[in-house]
Protein chains: 2
Amino acid sequence: MVKKSDGKRKISESTIKRLSLYYRALSLLEKENQETISSKELARREKLTPAQVRKDLSFFGSFGTRGLGYPVSELKQQISEILGVNRVWNVAMVGVGNIGSALVSYKEFQKQGFIIKLIFDNDQRKIGSNHKGLIVSDIREMARLLREHHIEIVILAVPAIVAQYIVDEVVAAGIKAILNFAPINLQVPPDVYLRTENMSMELEYLSFTLTNRRPPAE
Amino acid sequence: MVKKSDGKRKISESTIKRLSLYYRALSLLEKENQETISSKELARREKLTPAQVRKDLSFFGSFGTRGLGYPVSELKQQISEILGVNRVWNVAMVGVGNIGSALVSYKEFQKQGFIIKLIFDNDQRKIGSNHKGLIVSDIREMARLLREHHIEIVILAVPAIVAQYIVDEVVAAGIKAILNFAPINLQVPPDVYLRTENMSMELEYLSFTLTNRRPPAE
DNA sequence: CAGGGCATGTGAAACCTTTCACAATAAGAA
DNA sequence: TTCTTATTGTGAAAGGTTTCACATGCCCTG
Ligand SMILES: NC(=O)c1ccc[n+]([C@@H]2O[C@H](COP(=O)([O-])OP(=O)(O)OC[C@H]3O[C@@H](n4cnc5c(N)ncnc54)[C@H](O)[C@@H]3O)[C@@H](O)[C@H]2O)c1
Ligand SMILES: NC(=O)c1ccc[n+]([C@@H]2O[C@H](COP(=O)([O-])OP(=O)(O)OC[C@H]3O[C@@H](n4cnc5c(N)ncnc54)[C@H](O)[C@@H]3O)[C@@H](O)[C@H]2O)c1
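## Topic: the packing of aromatic side chains
According to the stated counting rule, one finds 2 aromatic pairs over all chains in the structure shown. Summarising the aromatic geometry, the rings of Tyr106(B) and Phe109(B) are spaced 4.8 Å apart at their centres and angled 85 degrees between planes, so their arrangement reads as edge-to-face. Across from the ring centre of Trp89(A), 3.4 Å away, lies the NZ or CZ of Arg87(A), which sits over that ring.

## Focus: the packing of helix α1 (residues 13–31) of chain B against helix α4 (residues 72–83) of chain B
Residue and element names in this part refer to chain B. Their axes nearest at 9 Å, the elements α1 and α4 cross at an angle of 145 degrees. Considering how the two elements wind past one another, α1 and α4 form a crossing that is left-handed. On α4, the residues touching Ile 16, Leu 19, Ser 20, Tyr 22, Tyr 23, Leu 26, Ser 27, Leu 29 and Glu 30 of α1 are Val 72, Ser 73, Leu 75, Lys 76, Ile 79, Ser 80, Ile 82 and Leu 83. Here the contact of α1 with α4 is built from residues that sort into 11 nonpolar, 4 polar and 2 charged.

## Let's talk about the site of ligand 1
Every one of the 23 residues lining ligand 1 counts as a neighbour, but Ile99(A), Asp121(A), Lys126(A), Val158(A) and Tyr106(B) are closest to it. More than one chain reaches ligand 1: the nearby residues come from chains A and B. Ile99(A) places a main-chain nitrogen or oxygen 2.9 Å from an oxygen atom of ligand 1. Protein contacts shield 85% of the accessible area of ligand 1, which totals 820 Å² for the unbound molecule. It is helix α8 (residues 160–172) of chain A that provides the largest number of residues to the shell around ligand 1, a total of 3 residues. For the shell around ligand 1, the class distribution of residues is 16 nonpolar, 4 polar and 3 charged.

## Observations regarding the relation of the copies chain A and chain B
Of the transformation placing chain A onto chain B, the axial shift is 0.0 Å and the rotation is 180 degrees, giving an RMSD of 0.0 Å. This pairing of chains is accounted for by a two-fold axis. With an isologous cut-off of 70% or more, the 100% of interface residues of chain A that recur at the interface of chain B puts this contact in the isologous class.

## Comments concerning the domain arrangement of chain A
According to the domain assignment, chain A consists of domain 1 (3–83) and domain 2 (89–202). For domain 1 of chain A and domain 2 of chain A, the distance between their C-alpha centres works out to 31 Å.

## Some points on the pairing of strand β6 (residues 134–138) of chain A
Residue and element names in this part refer to chain A. Buried residues dominate β6, accounting for 4 of its 5 residues. Pairing of strand β5 (residues 130–131) with β6, which is carried by 2 bridges, proceeds in the antiparallel orientation. In the strand pairing of β6, His 131 is matched with Leu 134. Counted along the chain from β5 to the antiparallel partner β6, the turn is 2 residues long, and its residue Lys 132 has a positive phi close to 50 degrees.

## Digging into the interface of chain A and chain B
Interface size is commonly expressed as the accessible area that is lost once the parts come together. Each partner contributes residues to the interface: chain A has 61 residues there, and chain B has 61 residues. Overall, the association of chain A and chain B removes approximately 5,800 Å² of surface from exposure, summing both partners, and the carbon and sulfur fraction of that is 63%. Run the count over chain A and chain B and you get 4 salt bridges. Broken down by secondary-structure element, the contributors of at least two residues to the side of chain A that touches chain B are α1 (13–31), α2 (39–46), α4 (72–83), α5 (98–105), β7 (153–156), β8 (177–180), β9 (193–196) and α9 (199–212) of chain A. For the side of chain A that touches chain B, the leading source of residues is α9(A), giving 14 residues. Along the lines of polarity and charge, the residues of the side of chain A that touches chain B split into 32 nonpolar, 14 polar and 15 charged.

## Observations concerning the site of ligand 2
In the region of ligand 2, 23 residues are neighbours, and Tyr106(A), Ile99(B), Asp121(B), Lys126(B) and Val158(B) sit closest. The local environment of ligand 2 is shared, drawing residues from chains A and B. Between ligand 2 and the protein, one listed contact pairs a nitrogen atom with a backbone N or O atom of Asn122(B) at 3.3 Å. When isolated, ligand 2 has an accessible area of 820 Å², and the protein chains bury 85% of it. Of all the secondary structure elements, the ones that give two or more residues to the shell around ligand 2 are α5 of chain A together with α5 (98–105) and α8 (160–172) of chain B. Tallying contributions element by element places α8(B) first for the shell around ligand 2, with 3 residues.

## Regarding unusual backbone geometry
Although it is not a glycine, His150(A) sits at a positive phi angle of roughly 50 degrees. Positionally, His150(A) belongs in the loop between α7 (142–148) and β7. Even without being a glycine, Asn33(B) presents a positive backbone phi close to 60 degrees.

Parameters at a glance
- Residues numbered from 1 in each chain as written.
- Chains lettered and ligands numbered in written order.
- Predicted model: local features only at pLDDT ≥ 70, side-chain atom pairs only at ≥ 80, totals over all residues.
- Heavy atoms only, no water.
- Phe/Tyr/Trp six-rings, centres within 6.5 Å; stacked < 30°, edge-to-face > 60°.
- Lys NZ or Arg CZ within 6 Å of the ring centre and 35° of its normal.
- Axes fitted to C-alpha atoms, helices over the stretch in contact; angles between N-to-C directions.
- Helix = DSSP H or I, 4+ residues; strand = E, 2+ residues; numbered from the N terminus.
- Left-handed = near helix turned anticlockwise from the far one by under 90°.
- Contact = heavy atoms within 4.5 Å.
- Nonpolar A, V, L, I, M, F, W, Y, C, P; charged D, E, K, R; others polar.
- Near = heavy atom within 4 Å.
- Polar contact = N/O pair within 3.5 Å; in protein donor to acceptor, adjacent residues only side chain to side chain.
- Areas by Shrake-Rupley, 256 points an atom, 1.4 Å probe, with all protein chains shown as cover.
- Least-squares fit on C-alpha atoms with pLDDT ≥ 70 in both.
- Domains from an automatic or database assignment.
- Buried < 20%, exposed > 50% of the residue type's maximum accessible area, 1.4 Å probe, protein only.
- Pairing = 2+ DSSP bridges.
- Buried area = accessible area lost by both parts, 1.4 Å probe.
- Salt bridge = Lys/Arg side-chain N within 4 Å of Asp/Glu carboxyl O.

Take a look at the structure:
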């Protein structure tokens, strides 16, 4: 039994992120041919609590069997439907510099169904060159190409200074989902989903914990 | 007046992450020679609420002036002390592949005081080669070199399959802070701070929102 | 086919975070 | 100096998330 019809469930960001963790864990378990898994064991593997695992899953349905646990393959399939990763997403990369090229070369994204179809830059020396089988397109062709190739997700790896400008173009081209790597707060209309990956923030978080940690046993 | 002595304040992860945002915003404001900023304006710039900004800052002290706002340079300085970014951190990178090289080439980290001093790999073809002025060291020398160069933070950019093994070595070498890019849940002792940057999770989050978004006006 | 054991699913409680709302108060005007 | 205006700093309220605890119910054994 899967809850589908009640369209106004408010699922929290943390629940969705944990679904990603469950999905990854279940993929590994499936490879190991394990047939079922308990919330306890799944929690242990992802450093969570069993109650949290059960509560998260319960928002979407009842997938387990009392006394036994969850069927690995079936639950994985269910979560893939919830996350929308049971399909292929057409992705474009904008900015083929250090981080942009690294991401284009990363095969895991493709394996997970995020297929980078187009890559853009404004550097004449890069336009036309080949990156892992993809030809760098001119940024001036972006709006047209995004539409023609039915791109649904854009990854932004351009300098922060031009990021807002590019976002405006991307939004104007009808894109509704953007993953941004520039360390800047970008403005988008409410129907566009934006996630910003901020690596400096993670380093600063480590810096904070190192700085403010309890002094080692006085 | 700065709260310093009360050592058991529990500061939430989200507050710390927002401090990073404030810090970045204040750096920009300082460059624009703005002298003061209100919680209202700071909130607007980072898409937060004024109350949140004030509450966050109030955990650490009273930095503002009623009726006027916060002094930009002074607040920036205070936050840099809180985050521990008013100093230099010695960093090592393990794994000089796609993402590792991209991060080593990224000058912003150095500018922020996170200085990559050492880079490691186990690939004989890479060991000894030059990346942005740094020579790739043999992973077998890691424990010794980490100590000799007083490294405090390690960035992990190795394949997931070897990540736990490397973490164990890094921990054995006395490192207390690790930023991990491998999509795997790593085990560390309680006195070691680990942050994992999971880009697939962000793409899956976008996939979820695109899949489950309210259908556009029926 | 009955009973014990085990793990789910879930309200309720506990806990944590954000927002509200206003007294306090500094700056600048008059 | 006193008044006006603006904005902080912060308890209290509201809202959200996690954990607890247990009834429920399926599996497996005998
Ligand atoms: N390199 C990293 O490890 C890293 C880490 C965290 C964040 N970032 C962020 O990611 C972004 C890219 O970083 P990078 O190191 O790859 O920089 P980079 O300079 O190597 O790459 C940026 C690319 O964007 C292209 N570009 C510039 N303006 C453009 C435009 N108007 N249209 C299209 N393309 C344009 C450039 O030609 C270049 O190829 C930056 O915002 C940076 O802050 C990078
Ligand atoms: N490339 C990306 O965009 C990207 C994105 C997200 C996550 N990641 C993760 O980051 C990690 C690195 O990815 P990548 O694309 O750079 O891979 P890569 O294969 O290009 O680089 C990995 C590097 O680690 C080195 N290495 C392997 N075993 C080692 C060992 N035992 N000791 C020292 N070095 C060792 C390899 O020689 C190689 O240089 C992976 O875990 C990947 O899942 C990468």
